[in-house]
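# A closer look at the structure
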Amino acid sequence: MNATAATGAGAFDALLRRLAADDGDPARAYERLRERLLALFRVYLPAESEALTDVVLDRLGKRAGEGVAIDDVRSYALGIARLVLQEARLRASRRHEAQNDPTLRPDPDDEAVAQETEVALRGLNACLDTLDAESRAFILDYYGADGGARIRQRQQLAQARGSTLNALRNRALRLRARIEECLRARLRRQEKS
Amino acid sequence: MMHPVTGPSDDTLRLWLLQLLPPAQAALLEERLMHDDALLGRLREAEIDLVDDYSRGELDPVQAHAFRTHRLVDGVQRDNLRAARAWASLREAAADVRVREPAPRETVPMRRLPRATMLGLAAAAGVFVAVALLDWSLHGSMRSDNVATYTLLAATSRGTEASTLRLPPAGVAIRLQVEVAEPTHRYRLFVETQGSRRQIAGGLEPRQLRAYAYVEAQADAALLAPGTHRVLLIDDSDGGEPEHVWDVQVEKNR
């Protein structure tokens, strides 16, 4: 075992070297792997997704630094992720107390929700105004329907633009993430003032 | 519930997010997520659609309970719900919002507008733009080669009318700047003339300027002789299906 490579920056470098063997751009491969792990943990434990992802990448780097033969990095990472998930669930069940159960927390009353939504709506409109007209129209169309109509509407949008659903989705996700980042920043500023 | 080509249905993804899927099926999705780029985007979208539907009270009681138990568990998720409620309110007034004019902007000469604004205005107008002369600062010395740059925006791809591309009379090469949807993917660019497809460039890595992601490639002007052509953008990880297609009519400037 290589003690240096198995800890801290050494582990990270070892992981990058292992990723470089599969992909000429290890930094990009690392980011993609991180995205996948984040998505996985967001399914099961969204509140801890960032922290758990870091744990997996750290353990994966340590294995790579120890010289463990890793045939398929993504599958190996999934194996570690499942263990990490199991551990996290065990911890959660140990500290679980009724007062922390979100299902037992009273929902905010209608008036409070309405006020909160009104503030958020003003912020959302301001954030949408930072987009060009085409992007704003696009994002409103993309999220403008629900249920079966939602799928049909998105297909029609893709067809009208000579684009694929995938491409359209990626654009919508990027725009929505940008808008919601703007909205969160505005709401945080308002809460502070 | 798993489709061999397109992957899991939206309903399956929703059940997964709500942890209502049988463990064996969830395990299959976990494996797929580690290898399937498209699933990553679809899952993110399913998360957003789920919060949107919860905020509109459109989940059945079992799903609503699962949402509160498994999704609404921290400040970030509650922020997401607050945003989703705002989107829902906005949707109710969507007709008004769609016809609203953009926020007033300072009027400045076109040549001084930031490139992102230029592109936004171009997209709004649905036009094909040549931007080489408008803003040289973005890429600095890379632009000293005097190769004319033409920008292809997603908003002007097929489905709109063919765009006219006027090339300089003596040019031997042009640069195409092409908007892409996914900044972390790699792309190939092709030109198709009378059914014959030729690659302009491959392995193109996107650059990003705020919400605008694009790739650039230099094309031999001979590939775009006067006449009608089709320019195709293909995402390497998307099975060869073009992400965007542009019909262009090339004319020589006199």
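Scroll up for the structure.
Read on for an overview of the structure. (Residues numbered from 1 in each chain as written. Chains lettered and ligands numbered in written order. Predicted model: local features only at pLDDT ≥ 70, side-chain atom pairs only at ≥ 80, totals over all residues. Heavy atoms only, no water.)

### Here we look at the side chain of Ser49 of chain A
All names here are of chain A. Going by this rule: Secondary structure elements are taken from DSSP: a helix is a run of H or I of four residues or more, a strand is a run of E of two residues or more, and numbering for both begins at the N terminus. Each residue's exposure class comes from its accessible area (1.4 Å probe, protein chains only) as a fraction of the maximum for that residue type: buried when under 20%, exposed when over 50%, partly exposed otherwise. In the analysis that follows, any N or O atom pair within 3.5 Å is treated as a polar contact, provided that within protein one partner can donate a hydrogen and the other can accept it, and provided that, for residues neighboring in sequence, both atoms belong to side chains. In this analysis, two residues are considered to be in contact whenever any of their non-hydrogen atoms come within 4.5 Å of each other.
With respect to the secondary-structure elements, Ser49 resides in helix α3 (residues 49-65). Given a relative accessible area of 6%, Ser49 falls into the buried group. Engagement of the side chain of Ser49 in a polar contact is seen with the backbone oxygen of Pro46, the distance being 3.1 Å. For Ser49, the residues in contact, after removing those within four places along its chain, are Leu38, Phe41 and Arg42.

### Describing the packing of aromatic side chains
What counts, and what does not: Pairing of aromatic rings covers Phe, Tyr and Trp, the last counted by its six-membered ring, and requires centre-to-centre distances within 6.5 Å; plane angles under 30 degrees mean stacked, over 60 mean edge-to-face, and any other angle means tilted. By definition here, charges over rings are those cases where NZ of Lys or CZ of Arg is within 6 Å of the ring centre and within 35 degrees of the ring normal.
Throughout the structure, instances matching the rule amount to six aromatic pairs over all chains. Their ring planes at 80° and their centres at 6.2 Å tell us that Tyr44 of chain A and Trp16 of chain B sit as a pair that is edge-to-face. Placement of Tyr44 of chain A in helix α2 (residues 26-44) and of Trp16 of chain B in helix α1 (residues 10-17) is noted, with the two residues assigned to different chains. For the pair Tyr44 of chain A and Trp16 of chain B, a shared accessibility class is recorded, and that class is buried. When the ring of Phe138 of chain A is compared with that of Tyr142 of chain A, the centres are 5.8 Å apart and the planes differ by 40°; the resulting orientation is tilted. A residue pair is termed a helical-turn pair when its members lie 3 or 4 positions apart in one helix, as Phe138 of chain A and Tyr142 of chain A do in helix α6 (residues 133-142) at four residues. Aromatic rings pair up to connect Phe138, Tyr142 and Tyr143 of chain A together with Trp87 of chain B into one cluster. One cation-aromatic arrangement involves Arg171 of chain A over Phe138 of chain A; the distance from NZ or CZ to the ring centre is 4.6 Å.

### What about empty space enclosed by the protein?
Rules: Think of a 1 Å grid over just the protein atoms. A cavity is a set of points where a 1.4 Å probe fits yet cannot get out, a pocket is an open set with protein on both sides within 12 Å along at least five of seven lines, and lining residues have an atom within 4 Å of a point. Grid points are joined across faces, edges and corners, and a volume is the space filled by probe spheres set on the points. Just so you know the grouping, Ala, Val, Leu, Ile, Met, Phe, Trp, Tyr, Cys and Pro go in nonpolar, Asp, Glu, Lys and Arg go in charged, and all remaining residues, Gly too, go in polar.
If you walk through the whole model with that rule in mind, you get three cavities of 30 Å³ or more. Taken together, 12 residues form the lining of the largest cavity, with Ser163, Leu168 and Arg171 of chain A together with Ala154 and His244 of chain B sitting closest to its centre. Secondary-structure elements contributing two or more residues to the lining of the largest cavity are α8 (165-192) of chain A together with β6 (173-180) of chain B. Element by element, the count of residues in the lining of the largest cavity is highest for α8 of chain A, at four residues. The residue makeup of the lining of the largest cavity, split by class, is six nonpolar, two polar and four charged. In this structure, the second largest cavity is lined by Leu140, Tyr143 and Gly144 of chain A together with Arg56, Trp87, Leu90 and Arg91 of chain B. Here the lining of the second largest cavity gets three residues from one element, more than from any other, and that element is helix α5 (residues 75-92) of chain B. Along the lines of polarity and charge, the residues of the lining of the second largest cavity split into four nonpolar, one polar and two charged.

### Focus: the interface of chain A and chain B
Going by this rule: Here the quantity called buried area is the accessible surface, traced with a 1.4 Å probe, that two parts lose on coming together, added over both. Salt bridges are identified by distance alone: a Lys or Arg side-chain nitrogen within 4 Å of an Asp or Glu carboxyl oxygen.
Listed per partner, the contact involves 73 residues of chain A and 82 residues of chain B. Each partner contributes to the roughly 6,800 Å² buried at the junction of chain A and chain B, and carbon and sulfur atoms together form 51% of this total. Area buried by chain A at its contact with chain B is led by Arg28, Arg36 and Arg174 of chain A, which between them contribute 10% of it. Linking chain A to chain B there are 13 salt bridges. A salt bridge links Glu205 of chain B to Arg28 of chain A, with the shortest nitrogen-to-oxygen separation between them at 3.2 Å. Counting every contact that joins chain A to chain B gives 30 residue pairs in polar contact (both at pLDDT 80 or more). Mapped onto the side of chain A that touches chain B, the elements with two or more residues apiece are α2, α4 (73-95), α5 (110-128), α6, α7 (147-160) and α8 of chain A. Top contributing element to the side of chain A that touches chain B by residue count: α8 of chain A, with 16 residues. Residue composition of the side of chain A that touches chain B, grouped by class: 31 nonpolar, 11 polar and 31 charged.

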